Amino acid sequence: MNQGKVWRVVKPTVGVPVYLGAVAVTALILHGGLLAKTDWFGAYWNGGKKAAAAAAAAAPAPVAAPQAPAQ
C-alpha cells in the first residue's frame, strides 16, 4: 500500500467515513451544478426531441382568425 503510513496519524474508523463522505458531497455538488447550469439536461430527462414532437402532435392546430375583406 503506497500511503499505508497515513493510518498512523488518522484512525481508519475516522478516515474512511470522512473520505467517503467527501466523495459523496463532491458528487452531489457536481450533479447539482450540472442540473442547474445546463439547458439540455432537463430536456434529456423529459425525452428531448421525442417529447417535444409528441407534445406538438397532441396539441390542436391553431385556428386562423377570419380576416376582413380588403376595400
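Residue numbers restart at each chain and count upward from 1, following the sequence in its written direction. Side-chain atom pairs in this predicted model are given and counted only at pLDDT of 80 or more, local residue features only at pLDDT of at least 70, and totals for whole chains, interfaces and linings cover all residues. The side-chain quantities take in all heavy atoms of the structure and omit both hydrogens and water.

Some details on the overall build of the protein chain
No. 1: Secondary structure follows DSSP: runs of H or I at least 4 residues long count as helices, runs of E at least 2 residues long count as strands, and numbering of each begins at the N terminus. When helices and strands are counted, the protein chain shows three helices and zero strands.
No. 2: Each helix and strand of the protein chain, placed in order from N terminus to C terminus, yields the pattern α-α-α.
No. 3: Burial statistics for the protein chain: of 71 residues in total, 3% are counted as buried. Buried, partly exposed and exposed residues are distinguished by accessible area as a fraction of the type maximum, computed with a 1.4 Å probe on protein chains only: under 20%, between the cut-offs, and over 50%, respectively.

Section: the UniProt feature "domain: Antenna complex alpha/beta subunit" (unreviewed entry) in the protein chain
No. 1: With numbering aligned to this structure, UniProt lists the feature "domain: Antenna complex alpha/beta subunit" (unreviewed entry) at residues 4-41.
No. 2: Across residues 4-41, helical content stands at 74% and strand content at 0%; the span's end C-alpha atoms are separated by 41 Å. UniProt positions are given in the numbering used here, feature names are shortened, and annotations may be inferred rather than shown by experiment.

Observations concerning a nonpolar patch on the surface
No. 1: Patches were defined on residues exceeding 30% relative accessible area and lacking a salt bridge, with like-charge contacts within 9 Å and nonpolar side-chain contacts (Val, Leu, Ile, Met, Phe, Trp, Tyr) within 5 Å. Only the protein chains shown count as cover for residues, and the accessible areas themselves come from Shrake-Rupley with a 1.4 Å probe. Just to be clear on terms, a salt bridge is a Lys or Arg side-chain nitrogen sitting within 4 Å of an Asp or Glu carboxyl oxygen. Among the surface-exposed residues, Val6, Trp7, Val9, Val10, Val14, Val16, Val18, Tyr19, Leu20 and Val23 lie close enough to one another that they form a single nonpolar patch of about 920 Å² accessible area.
No. 2: Within the element layout of this structure, Val10 appears in the segment before helix 1 (12-37).

Notes on the environment of Pro12
No. 1: You can see Pro12 is positioned in helix 1.
No. 2: The residues touching Pro12, leaving out its near neighbours within four places in the chain, are Trp7 and Pro17. Residue contacts follow a heavy-atom distance rule, with two residues in contact if any of their heavy atoms lie within 4.5 Å.

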